[in-house]
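Coordinate analysis (summary)
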Amino acid sequence: MNKYNLVDRMNSQFSKLESALSKLNHQLIQFKLLAAHIFILPDIEKGTENNSIEKIAVKSIKGKEACSLGLQHFRRLFIHNNNPNVSSKAAVRLPGALCFSVDDDEYLSCTTLISTINTLKTQLEHIITVESGLPSEQRFEFVHTHLRGLITLNTYRTITLLVNPSSIHFGWANKNIIKNIKRKDLLVQLNKSLNAGRAVPPFSREEWVTWISQEIDKVSQLPEDSRLLIKRPVKVQPIARVWYQEKQKQVQHPCPMPLIALYKNYDGTKLPKIGELHNYDVNQIKHRYKPNARALRLLLPRLHLYTDKEI
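Residues numbered from 1 in each chain as written. Predicted model: local features only at pLDDT ≥ 70, side-chain atom pairs only at ≥ 80, totals over all residues. Heavy atoms only, no water.

In terms of helices and strands, the protein carries seven helices and 13 strands. Dimensions along the principal axes, computed over C-alpha positions, put the protein at roughly 65 × 55 × 35 Å. Taking all 311 residues of the protein together, 41% fall into the buried category. For the protein, contacts bridging at least 24 residues in sequence account for 83% of all contacts bridging at least 6. Across the protein, the 44 positively charged side chains and the 28 negatively charged ones have centroids separated by 3 Å. (Helix = DSSP H or I, 4+ residues; strand = E, 2+ residues; numbered from the N terminus. Buried < 20%, exposed > 50% of the residue type's maximum accessible area, 1.4 Å probe, protein only. Contact = heavy atoms within 4.5 Å. Lys, Arg positive; Asp, Glu negative; His and termini not counted. Charge placed at Lys NZ, Arg CZ, Asp CG, Glu CD.)

Here we take up helix H7 (residues 205–220). Because an α-helix completes one turn every 3.6 residues, residues spaced three or four positions apart along the sequence face the same direction. With 16 residues, H7 ought to run about 22 Å at 1.5 Å a step, and its terminal C-alpha atoms sit 22 Å apart, in line with that. Taken as a whole, H7 has its buried residues at Trp208, Ile212, Glu215, Ile216 and Val219. In a view along the axis of H7, the buried residues occupy a sector of 100 degrees, so they form one face of it. (Expected span 1.5 Å × (residues − 1). Arc of directions from axis to C-beta.)

Bringing the pattern of salt bridges into the picture now. Taken as a whole, this structure holds three salt bridges when the rule is applied. Across the pair glutamate 131 and arginine 9 runs a salt bridge, and its minimum N-O distance is 2.5 Å. With a gap of 122 residues between them, glutamate 131 in helix H3 (residues 104–131) and arginine 9 in helix H1 (residues 3–28) connect regions that are remote in the sequence. We note a salt bridge from lysine 62 to glutamate 276, for which the minimum N-O separation is 3.9 Å. Residue lysine 62 is found in strand E3 (residues 59–62), and its partner glutamate 276 is found in the loop between strand E10 (273–274) and strand E11 (280–281); the two are separated by 214 residues along the sequence. By relative accessible area, lysine 62 is classed as exposed at 53%. (Salt bridge = Lys/Arg side-chain N within 4 Å of Asp/Glu carboxyl O.)

Moving on, we get to the side chain of serine 226. Looking at where serine 226 falls in the secondary structure, it is placed in the loop between H7 and strand E7 (228–244). One polar contact links the side chain of serine 226 to the main-chain carbonyl oxygen of proline 223, over a distance of 2.7 Å. Excluding its chain neighbours within four sequence positions, the residues that come into contact with serine 226 are Thr307, Asp308 and Lys309. (Polar contact = N/O pair within 3.5 Å; in protein donor to acceptor, adjacent residues only side chain to side chain.)

Turning our attention to the sheet that holds strand E5 (residues 161–163). Strand order in the open sheet made by the five strands is E3-E1-E4-E9-E5, with mixed pairing throughout. Across the chains shown, the open sheet's two edge strands, defined by having one partner strand only, are E3 and E5. Direction aside, neighbouring strands of the sheet carry axes that sit 15 degrees apart on average. Across six bridges, strand E1 (residues 32–40) lies against strand E4 (residues 96–102) in antiparallel orientation. Bridging from a neighbouring strand, alanine 36 pairs with leucine 98 of E4. The strands that helix H2 (residues 63–74) touches are E1, E3, E4 and strand E9 (259–264); relative to E1, the one it contacts most, it runs at about 70 degrees. In the packing of H3 onto the sheet, contacts are made with E4, E5 and E9, and the angle to E9 comes to roughly 155 degrees. (Pairing = 2+ DSSP bridges. Axes fitted to C-alpha atoms, helices over the stretch in contact; angles between N-to-C directions.)

Bringing the pairing of E4 into the picture now. Burial within E4 is extensive, with seven of its seven residues counted as buried. A two-sided burial pattern is seen for E4, the buried positions comprising Gly96, Leu98, Phe100 and Val102 on one face and Ala97, Cys99 and Ser101 on the other. Looking at chain direction, E4 and E9 are connected through six bridges and run parallel. Among the inter-strand pairings, serine 101 is bridged to a residue of E9, identified as tyrosine 263.

Attention now moves to unusual backbone geometry. Phi is positive for asparagine 164, close to 50 degrees, though the residue is something other than glycine. Topologically, asparagine 164 is positioned in the loop between E5 and strand E6 (167–180). Assessed through its relative accessible area of 37%, asparagine 164 is described here as partly exposed. In the Ramachandran plot, histidine 304 falls in the positive-phi region, its phi being about 55 degrees despite a non-glycine side chain. Looking at where histidine 304 falls in the secondary structure, it is placed in the loop between strand E12 (297–300) and strand E13 (305–307).

Okay, the environment of leucine 21 next. As for its position among the elements, leucine 21 is in helix H1. A residue is classified by how much of its surface remains accessible, and leucine 21, at 3% relative accessible area, is buried. Note: C-alpha distance between leucine 21 and isoleucine 114 (93 residues apart in sequence) is 8.6 Å.

Worth remembering: the numbers are spatial, not functional.
What follows is the structure in structure tokens.
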């Protein structure tokens, strides 16, 4: 696709997203607020993005103030929305829940708008990460040349909509992103980075070429039937556990920003039940027993790439 056409589509898509988010903000403040509870987490300061996290202190806010902060967060898409000392490389998280009473027309209007917003977010992410054809190390420059200061992680995050939940409780999750990848696909990816002709900090251009070439050599030496697995650790994340009494069903959601819960034709007999998010302490985690997995060997630390073969 023509580069200029791609940029025009990206900018157009983002303008539509901003407009839709503004419309959602206006819509939600017109609804009757039943309950709001959000949890402010400590800012991630510049230069500390990769530090391990052992403790997180949580500040709890309820009511109208929580609703106001939650609504502001949905439109917090740029670096200049943050304090100057806050890292631009880390998305700001604001877990919690905002609960509103709606009639049938309000419900239809809100659910349609949120669906539109989430579609725009997904399409914008596809334009930047797929249609641009750029490797991950070059996307930052591409995005910030045309949408200066955009925090892509905040922009990509879709809004989670709940309907008539009985209760919402919060907790913390530690996990890994696990992805199987074929040897030939990985080589295509590495060669693309090699041929891009750009350096990735802290490497010089020559150092980067040498580094990528060594990675290509290691992967090329593996048998074609090698199992390759990317196992990238993800820092502790807030989650929400939502209970539906009528269905006797619990659903778990990632919760980097407030959930929106709509209560259709609420009769006022019982307020939604929203729990607390307690402080995180890595030393207090109790791990369930897991059987030993098949041993894998770390091949490319930069990519968190493991294999079951020896070179």
